[in-house]
Amino acid sequence: MTTSEPSDRSERSGRGTERQNWVERRREKIRAEIDRNRRGEYTVPTWVLALALVLIVGGWLALIFLA
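Here the residue index of a chain counts from 1 through its sequence in written order. Two thresholds apply to this predicted model, a pLDDT of at least 70 for residue-level local features and 80 or more for giving and counting side-chain atom pairs, whereas whole-chain, interface and lining totals are computed over all residues. To get the side-chain values, all heavy atoms of the structure are used, and hydrogens and water are removed first.

Engineer: What am I meant to see in the overall build of the chain here?
Structural biologist: The number of helices and strands found in the chain is two helices and zero strands. The rule is simple: take the accessible area with a 1.4 Å probe, protein chains only, and divide by the maximum for that residue type; under 20% is buried, over 50% is exposed, in between is partly exposed. For the chain, buried positions account for 0% of its 67 residues. Surface exposure here means Shrake-Rupley accessible area, sampled with a 1.4 Å probe, where a residue is shielded only by the protein chains that are shown. Surface exposure of the chain reaches about 6500 Å², of which carbon and sulfur atoms provide 61%. A run of H or I in DSSP becomes a helix once it reaches four residues, and a run of E becomes a strand once it reaches two; helices and strands are each numbered from the N terminus.

Below you can see the structure in the form of structure tokens.
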């Protein structure tokens, strides 16, 4: 019985370590993205550009057909 207790603890601490590592990796990705944006390497996501294009074309079509 005493041998199973340390393994249970190590499994639980392993999950905690894994979660902590995930949090640290996530924070590092966020820091890197902020640094890129500050250097002017920011790019607009493709879906935003596509949405803007659809709105512009839709507005022109509405103006043509409804006028």
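Engineer: Even after reading the chapter, I still don't get a nonpolar patch on the surface, so can you show me in this structure?
Structural biologist: A cluster of nonpolar side chains, contributed by Leu53, Ile56, Val57, Trp60, Leu61, Leu63, Ile64, Phe65 and Leu66, occupies part of the molecular surface with about 1000 Å² of accessible area. Note that Ile64 resides in helix H2 (residues 46-66). Here Ile64 falls in the exposed class, since its relative accessible area comes to 54%. Nonpolar side chains (Val, Leu, Ile, Met, Phe, Trp, Tyr) within 5 Å and like charges within 9 Å form the patches, drawn only from residues with over 30% relative accessible area and no salt bridge. Here, a salt bridge means any side-chain nitrogen of Lys or Arg that lies within 4 Å of a carboxyl oxygen of Asp or Glu.

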